[in-house]
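# Understanding the architecture of this molecule
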Amino acid sequence: MSTANTEANVLSFKALEQTWPEFEAKILAFLDQLGLADKALHCDHVALRVNSIAAADALKQALSARGRIISDNQINGRTILIIELDKPLRLGNFSIDCVELPYPGDTVYPQEGWEHIELVLPSTAQDCDSLSQELTHLSPSLVPLLLGHSVSLTEAPIKVKFSSPKGDKERLANPTIAFKRADVCIKIHPHSIKAVIASEQAEI
């Protein structure tokens, strides 16, 4: 009981607000190093990572009090909530009105809290190869990274992951390219989270 309460206290929304400036600084620096800081992309949501159901439940309650759940979906066998905030979060020039809260799966994260942002590169790309080509046109400096070459852009290595996550109800292809360095990650995809949610709710 005390462990669950401790987790809930540590991962309260107030605690997340206190760690936001550090997360913001890391993300903005990473965007700059990737050559994406000045590309006027839209940040459609920010994501959290937690290791316990107790922590996820506590954050679900806290975030729901500051907005509303607009999606409750199963992705890769676990629940993913999208909460639209009444008051958007500010990250540099970005105004972020949605938070992604995944319930824990098999992975145990070394650090809980803010984990990544997702940017929208408007596109009709149906797969990661097509999206990658469009991204290199936008930021040619990313070519070596996208080709899998090691690049000394930072003091820590940058990992690139291509994926096509899909919810049980989704019918909108949304290939994703993720750039991860240390404990922060920036993901790029062609459709906003609200467009994806709309595709789930559309009638066949």
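What you are looking at is a predicted structure, and each value in this text was computed from that prediction instead of being measured.

### Remarks on helix α3 (residues 53–64)
- The terminal C-alpha atoms of α3 lie 16 Å apart, and with 12 residues this matches the ideal 16 Å at 1.5 Å per residue to within 8%.
- All of the buried residues in α3 are Ala55, Ala56, Leu59, Ala62 and Leu63. Down the axis of α3, the buried set is contained in an arc of 130°. They therefore lie on one face. Opposite its buried face, α3 presents the exposed residues Ile53 and Gln61, each directed more than 90 degrees away.

### Considerations on the state of the cysteines
- Within this structure, the stated rule accounts for 0 disulfides.
- No disulfide involves cysteine 43; its sulfur sits 10.0 Å from that of cysteine 98, the nearest cysteine.
- On the accessibility criterion, cysteine 43 (1% relative accessible area) is buried.

### Quick word on helix α6 (residues 193–201)
- Within α6 the residues assigned to the buried category are Ile193, Val196, Ile197, Ser199 and Glu200. In an axial view of α6, the angular spread of the buried residues amounts to 155°, which keeps them on one side of the axis.
- Elements in contact with the buried residues of α6: β1 (42–49), β2 (67–75), β3 (78–91) and β4 (94–102).

### What to know about the side chain of histidine 45
- Mapped onto the fold, histidine 45 is located in strand β1.
- Only 3.2 Å separates the side chain of histidine 45 from the side chain of aspartate 44, close enough to count as a polar contact.
- Discounting chain neighbours no more than four positions away, the residues touching histidine 45 are Ile96, Cys98, Glu100, Ile117, Glu118, His189 and Ile193.

### A look at the pattern of salt bridges
- Counted by the stated rule, this structure contains 8 salt bridges.
- Salt-bridge contacts for lysine 26 lead to aspartate 183; the nearest nitrogen and oxygen are separated by 2.9 Å. A residue pair is termed long-range when its members are at least 10 positions apart, and lysine 26 in helix α2 (residues 13–33) and aspartate 183 in the loop between β7 (176–181) and β8 (184–189) qualify at 157 residues.
- For lysine 26, a relative accessible area of 24% puts it in the partly exposed group.
- In this structure, glutamate 84 and arginine 68 form a salt bridge, with 3.2 Å as the shortest nitrogen-oxygen distance.

### Here's the deal with the environment of alanine 58
- Checked against the element boundaries, alanine 58 lands in helix α3.
- On the accessibility criterion, alanine 58 (21% relative accessible area) is partly exposed.
- On a C-alpha basis, the gap between alanine 58 and leucine 11 in space is 7.6 Å, while along the polypeptide they are 47 residues apart.

### Section: the nonpolar core
- Among the nonpolar cores identified, the biggest contains 46 residues, and Ile117 and Phe179 are the most heavily contacted of them.
- Broken down by element, this core gets its largest block of residues, 7 residues, from α2.
- Leave out the neighbours within four places in its chain, and isoleucine 117 touches Phe23, Ile27, Leu31, Cys43, His45, Val46, Leu91, Cys185, Ile186 and Lys187.
- In terms of nonpolar packing, the next biggest core, distinct from the first, is built from 5 residues, Ile70, Cys98, Ile193 and Ile197 among them.

### Here's the deal with the sheet that holds β1
- Taken in spatial order, the 8 strands line up as β2-β3-β4-β1-β5-β8-β7-β6 in an open sheet, and their pairing is mixed. The open sheet is flanked by β2 and β6 (158–163), the only strands paired with a single partner. Going from strand to strand, the sheet's axes swing by 25° on average, the running direction of each strand aside.
- Pairing between β2 and β3: 8 bridges, direction antiparallel. Note that in β3 the partner of glycine 67 across the bridge is leucine 85.
- The sheet strands contacting α2 are β1, β3, β4, β5 (113–120), β6, β7 and β8, and the helix crosses β5 at an angle near 45°.
- Where helix α4 (residues 128–138) meets the sheet, its contacts fall on β6, β7 and β8, and the angle it forms with β7 comes to roughly 65°.

Rules behind the numbers
Residues numbered from 1 in each chain as written. Predicted model: local features only at pLDDT ≥ 70, side-chain atom pairs only at ≥ 80, totals over all residues. Heavy atoms only, no water. Helix = DSSP H or I, 4+ residues; strand = E, 2+ residues; numbered from the N terminus. Expected span 1.5 Å × (residues − 1). Buried < 20%, exposed > 50% of the residue type's maximum accessible area, 1.4 Å probe, protein only. Arc of directions from axis to C-beta. Disulfide = S-S within 2.5 Å. Contact = heavy atoms within 4.5 Å. Polar contact = N/O pair within 3.5 Å; in protein donor to acceptor, adjacent residues only side chain to side chain. Salt bridge = Lys/Arg side-chain N within 4 Å of Asp/Glu carboxyl O. Core = buried A, V, L, I, M, F, W, Y, C linked by side-chain atoms within 4.5 Å. Pairing = 2+ DSSP bridges. Axes fitted to C-alpha atoms, helices over the stretch in contact; angles between N-to-C directions.

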